[in-house]
Amino acid sequence: MSEIIFLIEEAAEGGYSAKAMGYSIFTDAGTIEEIKENIKDAIKCHFDDGELPKLVRMHFVHDEVFAL
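Reading guide: rules and limits
- Positions within a chain are numbered from 1, following the residues in the order the chain's sequence is written.
- Residue-level local features of this predicted model are given only where pLDDT is at least 70; pairs of side-chain atoms are given and counted only at 80 or more, and the full residue set underlies all totals for whole chains, interfaces and linings.
- By convention in this description, side-chain values take in all heavy atoms of the structure and omit both hydrogens and water.
- The numbering of helices and of strands both runs from the N terminus, where a helix is a DSSP run of H or I of at least 4 residues and a strand a run of E of at least 2.
- With a 1.4 Å probe rolled over the protein chains alone, any residue whose accessible area is under 20% of its type maximum counts as buried; one over 50% counts as exposed, and the rest are partly exposed.
- Here, two residues are considered to be in contact whenever any of their heavy atoms come within 4.5 Å of each other.
- What sets the accessible areas is the Shrake-Rupley method with a 1.4 Å probe; for residues, cover comes only from the shown protein chains.
- The salt bridge criterion pairs a side-chain nitrogen of Lys or Arg with a carboxyl oxygen of Asp or Glu, the two atoms within 4 Å.
- Buried Ala, Val, Leu, Ile, Met, Phe, Trp, Tyr and Cys residues that are joined via side-chain atoms within 4.5 Å together make up what is termed a nonpolar core.
- Classification of ring pairs uses Phe, Tyr and Trp, with its six-membered ring standing for Trp, and accepts pairs whose centres are within 6.5 Å; under 30 degrees between planes counts as stacked, over 60 as edge-to-face, and the remaining range as tilted.

S.K.: Break down the overall build of the chain for me, citing the residues and quoting the values.
M.R.: Of the regular secondary structure elements, the chain holds one helix and four strands. A burial count over the chain gives 25% of its 68 residues as buried. Taking as baseline every contact in the chain between residues at least 6 positions apart, the subset at least 24 positions apart corresponds to 37%. If you sum the accessible surface of the chain, you get close to 5,100 Å²; carbon and sulfur atoms cover 51% of it.

See below:
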């Protein structure tokens, strides 16, 4: 596998949540650095050594709402 993409969102209670596109991999953390480490750990738990992706893409989703 060459790449895996994670959607990163700010959690309502603070911190961040991450979910992999196309895989049942989810994690959360308080900071960006922690979410990176948690994603690495989650990937290593989900895939065998020979199947690990070469690249991890973190796509940050930022919702902004305003009234007219």
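S.K.: Which residues make up the pattern of salt bridges, and what values do they have?
M.R.: Within this structure, the stated rule accounts for three salt bridges. A salt bridge links Glu33 to Lys36, with the nearest nitrogen and oxygen atoms 3.7 Å apart. Remark: Lys36 and Glu33 occur in helix α1 (residues 32-46); sequence separation between them is three residues, near one turn of the helix. Ionic pairing is found between Glu37 and Lys40, a salt bridge with its closest N-O pair at 3.3 Å. You can see Glu37 and its partner Lys40 sitting in helix α1, three residues apart, about one turn around the helix.

S.K.: Account for the nonpolar core, with residues named and values stated.
M.R.: Judged by nonpolar contacts, Ile4, Phe6, Ile8, Ala18, Ala20, Ile25, Ala29, Ile35, Ile39, Ala42, Ile43 and Phe47 together constitute the single largest core of 12 residues. Of all the secondary structure elements, the ones that give two or more residues to this core are β1 (3-10), β2 (16-20) and α1. Among the elements that make up this core, the one with the highest residue count is α1 (four residues). Leave out the neighbours within four places in its chain, and Ala18 touches Phe6, Leu7, Ile8, Ile25, Phe26, Thr27, Ile35 and Ile39.

S.K.: Quick one: what's the story with the packing of aromatic side chains, residue by residue and with numbers?
M.R.: In total, this model carries one aromatic pair according to the counting rule given. An angle of 75° between the planes, with centres 5.3 Å apart, marks the rings of Tyr23 and Phe47 as edge-to-face. Within this pair, whereas Tyr23 is found in the loop between β2 and β3 (26-29), its partner Phe47 is found in the loop between α1 and β4 (55-61), the two being separated by 24 residues in sequence. A relative accessible area of 31% places Tyr23 in the partly exposed class. Residue Phe47 is classed as buried on the basis of its relative accessible area, which comes to 8%.

S.K.: How would you sum up the environment of Ser17? Please name residues and give values.
M.R.: Topologically, Ser17 is positioned in strand β2. Under the relative-accessibility criterion, Ser17 is labelled partly exposed at 28%. Not counting the four nearest positions on each side in its chain, Ser17 is found in contact with Leu7, Ile8, Glu9, Thr27, Asp28 and Ile35.

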